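For reference, the chains in residue letters:
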Amino acid sequence: MRAVLTWRDKAEHCINDIAFKPDGTQLILAAGNRLLVYDTSDGTLLQPLKGHKDTVYCVAYAKDGKRFASGSADKSVIIWTSKLEGILKYTHNDAIQCVSYNPITHQLASCSSSDFGLWSPEQKSVSKHKSSSKIICCSWTNDGQYLALGMFNGIISIRNKNGEEKVKIERPGGSLSPIWSICWNPSSRWESFWMNRENEDAEDVIVNRYFQEIPSTLKSAVYSSQGSEAEEEEPEEEDDSPRDDNLEERNDILAVADWGQKISFYQLSGKQIGKDRALNFDPCCISYFTKGEYILLGGSDKQVSLFTKDGVRLGTVGEQNSWVWTCQVKPDSNYVVVGCQDGTISFYQLIFSTVHGLYKDRYAYRDSMTDVIVQHLITEQKVRIKCKELVKKIAIYRNRLAIQLPEKILIYELYSEDSSDMHYRVKEKIIKKFECNLLVVCANHIILCQEKRLQCLSFSGVKEREWQMESLIRYIKVIGGPPGREGLLVGLKNGQILKIFVDNLFAIILLKQATAVRCLDMSASRKKLAVVDENDTCLVYDIDTKELLFQEPNANSVAWNTQCEDMLCFSGGGYLNIKASTFPVHRQKLQGFVVGYNGSKIFCLHVFSISAVEVPQAFIRVQDLRYLELISSIEERKKRGETNNDLFLADVFSYQGKFHEAAKLYKRSGHENLALEMYTDLCMFEYAKDFLGSGDPKETKMLITKQADWARNIKEPKAAVEMYISAGEHVKAIEICGDHGWVDMLIDIARNLDKAEREPLLLCATYLKKLDSPGYAAETYLKMGDLKSLVQLHVETQRWDEAFALGEKHPEFKDDIYVPYAQWLAENDRFEEAQKAFHKAGRQREAVQVLEQLTNNAVAESRFNDAAYYYWMLSMQCLDIAQDPAQKDMMLGKFHHFQRLAELYHGYHAIHRHTEDPFSVHRPETLFNISRFLLHSLPKDTPLGISKVKILFTLAKQSKALGAYRLARHAYDKLRGLYIPARFQKSIELGTLTIRAKPFHDSEELVPLCYRCSTNNPLLNNLGNVCINCRQPFIFSASSYDVLHLVEFYLEEGITDEEAISLIDLEVPRPKQDNRQQEIANSSSQILRLVETKDSMGDEDPFTAKLSFEQGGSEFVPVVVSRLVLRSMSRRDVLVKRWPPPLRWQYFRSLLPDASITMCPSCFQMFHSEDYELLVLQHGCCPYCRRCKDDPGP
């Protein structure tokens, strides 16, 4: 047994309980104060259910699958429907510890710390019963008549449906051994009850029929735990006579796990079965498989263990990282789910491998993991050996049987030499633990195989010999010999096949092949060897000459007939193949593996059962498979009522090669079609034409097709093509042309076919595409009208111009063209074009991913101007996506973030070039302004690639050169607190010293001016890039980084962007009116508004009239303009950033109209007009967004 992890998930809280929906499709988990519903197929969390206010301790599903219940520490029980809707809620006085549904009546038992309740859908109230101790667990019997309660004080109370106590079981540990988990063994007789139940009306009748088999009453009794372990049983013969399963399963079995670290079993009457079994850990959960054959147990040992129904440990299902609180088996399957204290949910598939052995007509196999059944394949007798431990390996040879258990090996022998004797007795016991891959038993020895090593042990456990192989041992088999001198046939992974004698240290190499051995067998005379290799090929060799006699594909196992030298069989691909001497292989359908061939019987293993296939005795005598098939066919036809002897005789003549005589008999018996088929199969087409019907087109077509097949087989493909075309078999003709690369013939066929014949046309196009003739393939697709395939053809052949032209005509194929085009561009390192193609195809996610990768690469390679450009593109794509209301807020946040990064990297590019290159292309004033701009703009977390040392170093140098000595001194002081690269160390140290000789002040010419309030601002502004007086943000040139003479203003409420532009464009004379500035304050902001008055102010500009003022406040007051002010503005003085939705337009007023400012219509960055024109002439595009001068704006 091995466990394979199917899926795993982790919840935030401890998994307290698990319940499967009866059909196994859903899993309900109790975790924290919620229920989690999972899809068992792939572990998808379908839905969390909220209804409880505190931790959910338990959950249970009704047998009919209509509802489930959950109990919580909030003292409530909630009933849910299968549609995951809560329909009922009731409470107890204490926290709910466990719930369980009656499997027959669907009555719900809910247990708390002080009482338990019984509820059913037809009841209006819950009947509650007091408990003497805290109830930890509960379980209904399979007939629904009794409820077992496990309590904290070590008592198990068995109650009837009305809650009355009938049996009381006192565990010896008392309160020191709380009953933590109990479960009744599912009885097999109830499976038929559920399968045959068709409707609710039949319930009472069926239930009553089963209840008659259970004692009507149980006398109240008190039992103490006691009992004795059964002694080791001798093998018992399997009785095939009918038995009453209901009587055998009359008493329900209760499995009990307590914190005395024991597992026990009790009958319904309260009598203990056997002794307690020690666990050595605290069990937290116990559950049976659906049919009751195995038990799952988990707890403080942090693993789930598999036990037999009798409590014998078989192995570990899955090791965990914390206590296992719950484990359940998926109904009617081998899937197990495990819930742990740390919230881990693990879903395993248990795979039970076949453990078996075969010798001639005796087959031994493992049953229920702890029993061995020996079956006589001829007499069908069986004997069962109960080992009461996990059976790991089985080997059988003549009268010997070896069984490997975890800590010992048992050797059995038959009582007598009688071939039909099935009574085994223990001969020897080797009390020792062995690790081996294969086990073989001989007359006086056992052979253990472990990877490359073979060990020979006597029955007393003494190692007598050992063989070390060159490669892993893949197959081993006893091939007979005198007792104590048996021969072994061994196959290795490296292709070697050896023969080893038990009494000889030296191995004999029989032969060496190139492929690994999978299965082996030797013929009865020891002259031939049959091998199945790793390529599923059956190969037969002559052992003496090493000659390969024949080989057959699709084989998984092989066996020689033990009585007939030249007969063997092999299986594979769903077929059984029988080979006799040099005759052709006979094949018939078979599922499974061939494991033996004795006389007229072939033994085949399928899954866990073995069957015997009878080979007709005639085959044994005649040894000619063809005649055997003919005889069997004639016999079957006679049984069906056929009486035409001429027809039978014609078949015989045809088998004997007397074809003309057979044809005459076919014609005489009125079956000319059989003569036609015979001659056609023989490729005797001239004779076949004599038996054609009177111009029957179907027969003529069939004959031509057969003749074409023959021409194809004799390597005359062109003749075959012509015949296929004349017979209308265009597909076969096309296949031949395509395989031979005859493009011209394919084109002719495609042009002659009707456009409705889609299958041959499609095949033609496929071959033309493979043969590098895309133009003709496109012609074929056009003829079919298959535009989608035409698009795929253009894409696959990278004929992008044709694809784009087709996409213009048919926009529905845009994704099919531009997405592959973008991927092709990306593969060819044309990432910017790929990004644009993704964007054009509407694949915003891929477009953004390409840009992000480009940006990261640019930063990593110190190409900061490219990084700025890519960040700007990223921001614009985020703005484009922000038009979706669902993503608006998130995308706008990303837009502003990427815009800031673009500005930072654009400015830092000049700093990086200045510090890295020997010659600088930037003026000192520009570097000075950029350094200040970056210092004021950098966030707390400096973006990747930007060096604060380089910025401060540049600022210090340029400040010193321009006369800003105070600022230079400050920059050098800041540098002292940073890690300085070695190449800057001397320059900074020298600059720090020399700056001390300079005056402690800055040149007034460098001081920036606020154009709104005319305030001089310090060179190092703690507030950032805003005025220290009016808080007006500065607008910088994107080339020289001077503060531009622009003031941003906002529209009065109610004025749209279109109206504002129309008012500005009016260019009418301004009326004489007074605009008074009014400051409006509210709880969140201040607004500076220009209010119209009737007082004459002459010709003064209403916008600039009141901008110069002393504010001194801590908050920024924006300039808000009215319609009258807008009408007074000149269009040439106003710059508008026309952002696409959902952003609003931004308006800027130039306060020095004579100084020209240019704004890029794409990125909306501002420049001095002269600078912009020079940069465009130098680069041919905008230096920021790289928009070509001839491109239209957005």
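Criteria and thresholds
- Residues numbered from 1 in each chain as written.
- Predicted model: local features only at pLDDT ≥ 70, side-chain atom pairs only at ≥ 80, totals over all residues.
- Heavy atoms only, no water.
- Pairing = 2+ DSSP bridges.
- Helix = DSSP H or I, 4+ residues; strand = E, 2+ residues; numbered from the N terminus.
- Axes fitted to C-alpha atoms, helices over the stretch in contact; angles between N-to-C directions.
- Buried < 20%, exposed > 50% of the residue type's maximum accessible area, 1.4 Å probe, protein only.
- Arc of directions from axis to C-beta.
- Salt bridge = Lys/Arg side-chain N within 4 Å of Asp/Glu carboxyl O.
- 1 Å grid on protein atoms, 1.4 Å probe; cavity = no way out; pocket = protein on both sides within 12 Å on 5 of 7 lines; lining within 4 Å.
- Points joined across faces, edges and corners; volume = space filled by probe spheres on them.
- Nonpolar A, V, L, I, M, F, W, Y, C, P; charged D, E, K, R; others polar.
- Domains from an automatic or database assignment.
- Disulfide = S-S within 2.5 Å.
- Core = buried A, V, L, I, M, F, W, Y, C linked by side-chain atoms within 4.5 Å.
- Phe/Tyr/Trp six-rings, centres within 6.5 Å; stacked < 30°, edge-to-face > 60°.
- Contact = heavy atoms within 4.5 Å.
- Expected span 1.5 Å × (residues − 1).
- Bend = angle between axes of the 7 residues up to and from the residue.
- pLDDT = per-residue confidence, 0-100.
- UniProt positions renumbered as here; feature names shortened; annotations may be inferred.

What to know about the sheet that holds strand β23 (residues 277-278)
Okay, step 1: Read across the open sheet, the four strands follow the order β18-β21-β22-β23; overall the sheet is antiparallel. In this open sheet, the two strands that pair with only one neighbour each are β18 (179-184) and β23.
Okay, step 2: For strand β22 (residues 262-267) and β23, the ladder comprises two bridges, and the chain directions are antiparallel. Following the sheet pairing, I263 is matched in β23 by R277.

Some details on the sheet that holds strand β51 (residues 557-560)
Okay, step 1: The antiparallel open sheet is built from four strands, whose spatial order is β51-β52-β53-β54. Edge positions in the open sheet fall to β51 and β54 (586-589), since each of these has one partner strand only. Strand-to-strand twist in this sheet, taken as the mean axis angle between neighbours without regard to direction, amounts to 20°.
Okay, step 2: The pairing of strand β52 (residues 567-572) with strand β53 (residues 575-580) spans six bridges and is classified as antiparallel. From the neighbouring strand, F570 faces β53, where its bridge partner is N577.

Some details on helix α27 (residues 1057-1064)
Okay, step 1: Inspection of α27 places D1057, A1060, I1061, L1063 and I1064 among the buried residues, and these make up the whole buried set. With its buried residues spanning 160° around the axis, α27 presents them on a single face.

What to know about the pattern of salt bridges
Okay, step 1: For the structure on display, the rule yields 27 salt bridges.
Okay, step 2: K477 serves as the salt-bridge partner of D521, at 2.7 Å between the closest nitrogen and oxygen. Placement of the pair is D521 in strand β47 (residues 517-522) and K477 in strand β43 (residues 473-478), with a sequence separation of 44 residues.
Okay, step 3: According to the relative accessible area criterion, D521 is buried, its value standing at 6%.
Okay, step 4: Residue classification places K477 among the partly exposed residues on the basis of a relative accessible area of 25%.
Okay, step 5: Here the salt bridges do not stand alone but share partners, grouping R400, E413, R425 and K427 into one network.

Side note on empty space enclosed by the protein
Okay, step 1: Under the counting rule described, the total for this entry stands at two cavities of 30 Å³ or more.
Okay, step 2: Space inside the largest cavity adds up to approximately 70 Å³.
Okay, step 3: In terms of lining, the largest cavity is formed by 14 residues, of which the most central are R932, H936, G1024, N1025 and F1034.
Okay, step 4: Residue composition of the lining of the largest cavity, grouped by class: eight nonpolar, five polar and one charged.
Okay, step 5: Counting the residues that make up the lining of the largest cavity, at least three belong to each of domain 4 (819-1010) and domain 5 (1025-1066 + 1104-1193).
Okay, step 6: One number sums up the size of the second largest cavity: a volume of about 50 Å³.
Okay, step 7: Residue composition of the lining of the second largest cavity, grouped by class: nine nonpolar, one polar and one charged.

Topic: the state of the cysteines
Okay, step 1: For the structure on display, the rule yields zero disulfides.
Okay, step 2: With no disulfide of its own, C327 lies closest to C285 among cysteine sulfurs, the gap being 3.3 Å.
Okay, step 3: The exposure class of C327 is buried, given its relative accessible area of 1%.
Okay, step 4: The thiol of C436 is not disulfide-bonded; the next cysteine sulfur, from C449, is found 7.8 Å away.
Okay, step 5: Judged by its relative accessible area of 9%, C436 is buried.

Quick look at unusual backbone geometry
Okay, step 1: In this structure, P1142 follows P1141 across a cis peptide bond, with omega equal to 5°.
Okay, step 2: Summarising the element assignment, P1142 is placed in the loop between β62 (1134-1137) and β63 (1146-1150).
Okay, step 3: One non-glycine residue, Q261, lies in the positive phi region at around 60°.
Okay, step 4: Tracing the backbone through its elements, the reader meets Q261 in the loop between β21 (253-258) and β22.
Okay, step 5: Using a relative accessible area of 30% as the deciding quantity, one classes Q261 as partly exposed.
Okay, step 6: In the Ramachandran plot, E451 falls in the positive-phi region, its phi being about 55° despite a non-glycine side chain.
Okay, step 7: Inspection of the secondary structure assignment puts E451 in the loop between β40 (445-450) and β41 (453-458).

Things to note about the nonpolar core
Okay, step 1: Counting 62 residues, the largest nonpolar core has W872, Y905, L934, L1046, M1166 and C1182 as its most contacted members.
Okay, step 2: Elements with a contribution of two residues or more to this core: α20 (844-860), α21 (864-881), α22 (888-916), α23 (924-937), β64 (1157-1159), β65 (1166-1168) and α29 (1169-1179).
Okay, step 3: Broken down by element, the residue count for this core peaks at 12 residues, all from α21.
Okay, step 4: Each of two domains, domain 4 (819-1010) and domain 5 (1025-1066 + 1104-1193), supplies a minimum of three residues to this core.
Okay, step 5: One finds V355, A364, L414 and L454 within the second-largest nonpolar core, a separate group that totals 50 residues.

A few points about the packing of aromatic side chains
Okay, step 1: Scanning the entire structure with this criterion turns up 28 aromatic pairs.
Okay, step 2: Here W7 and F347 contribute two aromatic rings whose centre-to-centre distance is 5.2 Å and whose plane-to-plane angle is 10°, an arrangement assigned as stacked. One end of the pair, W7, is in strand β1 (residues 2-10); the other, F347, is in strand β30 (residues 344-351), and 340 residues separate them in sequence.
Okay, step 3: Judged by its relative accessible area of 1%, F347 is buried.
Okay, step 4: Where Y363 meets Y365, the ring centres are 5.4 Å apart and the plane angle is 25°; that geometry is what we call stacked.

Notes on the environment of P1033
Okay, step 1: Structurally, P1033 is set in the loop between α26 (982-994) and β58 (1046-1051).
Okay, step 2: According to the relative accessible area criterion, P1033 is partly exposed, its value standing at 34%.
Okay, step 3: Residues P1033 and C1010, spaced 23 residues apart in sequence, show a C-alpha to C-alpha distance of 9.0 Å.
Okay, step 4: Setting aside residues up to four positions removed in sequence, P1033 forms contacts with N1025, V1026 and F1116.

Considering the pairing of strand β17 (residues 165-170)
Okay, step 1: Strand direction decides the pairing type here: strand β16 (residues 155-160) and β17, joined by five bridges, are antiparallel. Looking across to β17, one finds that R159 is bridged to E165.
Okay, step 2: Linking β16 to β17, which pair antiparallel, is a turn of four residues; within it G163 sits at a positive phi near 90°.

Topic: the environment of E451
Okay, step 1: Among the residues examined, E451 registers a relative accessible area of 48% and is labelled partly exposed.
Okay, step 2: Taking C-alpha positions, E451 is 7.9 Å from C436, a pair spaced 15 residues apart along the chain.
Okay, step 3: Dropping the residues within four chain positions of it, E451 is found in contact with N437, L472 and I473.

Considering α22
Okay, step 1: Taking 1.5 Å of rise per residue, 29 residues should cover 42 Å, and α22 covers 41 Å from first to last C-alpha, within 8% of that figure.
Okay, step 2: The sharpest bend along α22 reaches about 25° and sits at Y908.

Describing the confidence of the model for the chain
Okay, step 1: Model confidence for the chain is summarised by a mean pLDDT of 81, while 80% of its residues fall at 70 or above.
Okay, step 2: Predicted confidence is poor over residues 238-250, with pLDDT under 50, and the contacts of this stretch with residues over four places away or in other chains come to 15 contacts.

Notes on the UniProt feature "repeat: WD" (unreviewed entry) in the chain
Okay, step 1: The sites that UniProt annotates as "repeat: WD" (unreviewed entry) are residues 49-80.
Okay, step 2: From the first C-alpha to the last, residues 49-80 spans 10 Å; its make-up is 0% helix and 59% strand.

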